[in-house]
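Fold and geometry: a report
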Amino acid sequence: MLEHEWEEALSRWAHARSDIKALVQIGSRVQPTGLVDAWSDFDYQLITSRPARYLDGAFAQKICSCWAVGANRAFGNVTKISAVYDNSLEVDFVILKHWEVRIATTALRLARTERWWPPTLRKGTKDLRRVAGLGWKVIKGGRAWEERYGRIKPFRAPFGRDTFEKLCGEFWSQMVWARKKAERGEYFAAQRAFHEVLFENTLRLLEEEVVLEGRPAKPLGRRAEEWLSPPRLKAARISVSPDRDSLLTALDRVASLFSDVSEAIAERKGWELHTFMEIRTWMEAQAER
């Protein structure tokens, strides 16, 4: 399937359904500064008055020839449908309730009154700004929805001390867990902890470090090969497999990298850093054994 064929099929499908009040493309393909290549996927916000119709993802198979469909919870605690079409064309649909998006975009007309908004509305508008603020294109909805999305400005959540301390605490507590599992012989469990928490939290700090240096960085490690400095990129190239020696080496390396980055962020922010020295001393003792 060619890209223009997909776009035509999607537009026909969406315009034939009255409950779909708007279909808005987001993501790198419609962002002025987005980096697009043959591997880029398509991202959409599907705004409907009947969201229950779309939560199982069955609709994705009715648009055109489809290879696979999956559903999961996405950013903002909404349902995201991921589908793969002919020629491995990847598409994500975020299912949004019509009335909620209407309320959020109406509130954005009065952004100066945000301090009086209920917490749910503040969170909803910020979520909308995070994912659509960098660029959008209305596929269905017309001028009315273009005006609504025109009020959405970019937003990046501040990285405060509470967030920093939570990431550090989670990292070091999971480091102990993973190290014990590796010593016990539960190699797959330890490898999962490495990827899901330890390396994930390290990537989050690496992203923040780059932002603090005044350079752009993408979340979730996307295009990290382009925005990480050469020394950080080299340090982050950590291979791991489910065996004891590989795991212990990987855990030591990610601990060293996390320590360096957390210290750099704390110094730049002027925060007192909890070093978790007890855990580091314990790890050194285990290594000597």
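Up top you'll find the structure we're talking about.
Here is a short report on the structure shown in this document. (Residues numbered from 1 in each chain as written. Predicted model: local features only at pLDDT ≥ 70, side-chain atom pairs only at ≥ 80, totals over all residues. Heavy atoms only, no water.)

Quick look at the packing of aromatic side chains
A complete count under the given rule lists 17 aromatic pairs for this structure. Aromatic side chains Trp 13 and Phe 59 sit 5.6 Å apart centroid to centroid with 25° between the ring planes, which places their arrangement in the stacked category. Of the two residues, Trp 13 is situated in helix H1 (residues 3-15) and Phe 59 in the loop between strand S2 (42-48) and strand S3 (66-74); the sequence distance between them amounts to 46 residues. A relative accessible area of 5% means that Trp 13 is categorised as buried. Ring centres 5.2 Å apart and planes at 75° place the aromatic pair Phe 59 and Phe 93 in the edge-to-face group. You can see Phe 59 sitting in the loop between S2 and S3 and its partner Phe 93 sitting in strand S5 (residues 89-97), a full 34 residues away along the chain. Looking at Phe 93, the relative accessible area reads 0%, which means it is buried. Ring-pair connections join several aromatic residues into one group, and the members of that group are Trp 6, Trp 13, Tyr 44, Tyr 54, Phe 59, Tyr 85 and Phe 93. (Phe/Tyr/Trp six-rings, centres within 6.5 Å; stacked < 30°, edge-to-face > 60°. Helix = DSSP H or I, 4+ residues; strand = E, 2+ residues; numbered from the N terminus. Buried < 20%, exposed > 50% of the residue type's maximum accessible area, 1.4 Å probe, protein only.)

Things to note about helix H5 (residues 161-184)
The end-to-end C-alpha separation of H5 is 35 Å, in line with the 34 Å expected for 24 residues at 1.5 Å each. Among all positions of H5, only Phe 164, Leu 167, Cys 168, Phe 171, Trp 172, Met 175, Ala 178, Arg 179, Lys 181 and Ala 182 are buried. With its phi angle positive at about 100°, Gly 185 sits one or two positions after the end of H5. (Expected span 1.5 Å × (residues − 1).)

Observations regarding unusual backbone geometry
Unlike most non-glycine residues, Ser 88 shows phi in positive territory, near 60°. The topology assignment puts Ser 88 in the loop between strand S4 (78-85) and S5. A positive phi angle, close to 60°, is found at Leu 220, a residue other than glycine. Its place among the elements puts Leu 220 in the loop between helix H6 (187-212) and helix H7 (224-227). Leu 220 gets classed as exposed once you look at its relative accessible area, which sits at 68%.

As for the side chain of Ser 259
Relative to the helices and strands, Ser 259 is located in helix H9 (residues 244-269). For Ser 259, the residues in contact, after removing those within four places along its chain, are Trp 172 and Arg 280. (Contact = heavy atoms within 4.5 Å.)

As for the sheet that holds S5
In any sheet, the strands associate via hydrogen bonds between backbone groups, in a parallel or an antiparallel arrangement. Here we have 6 strands laid out as an open sheet, ordered S3-S4-S5-S2-S1-S6, and mixed in their pairing. Strands at the two margins of the open sheet, each flanked by one partner only, are S3 and strand S6 (137-140). On average, adjacent strands in this sheet sit at an angle of 25° to one another, irrespective of strand direction. Two elements, S4 and S5, share 7 bridges in a ladder whose sense is antiparallel. Bridge assignment links Ser 82 to a residue of S5, and that residue is Asp 92. The sheet contacts of H1 involve strand S1 (20-26), S2, S4, S5 and S6, and relative to S2 the element is tilted by about 5°. (Pairing = 2+ DSSP bridges. Axes fitted to C-alpha atoms, helices over the stretch in contact; angles between N-to-C directions.)

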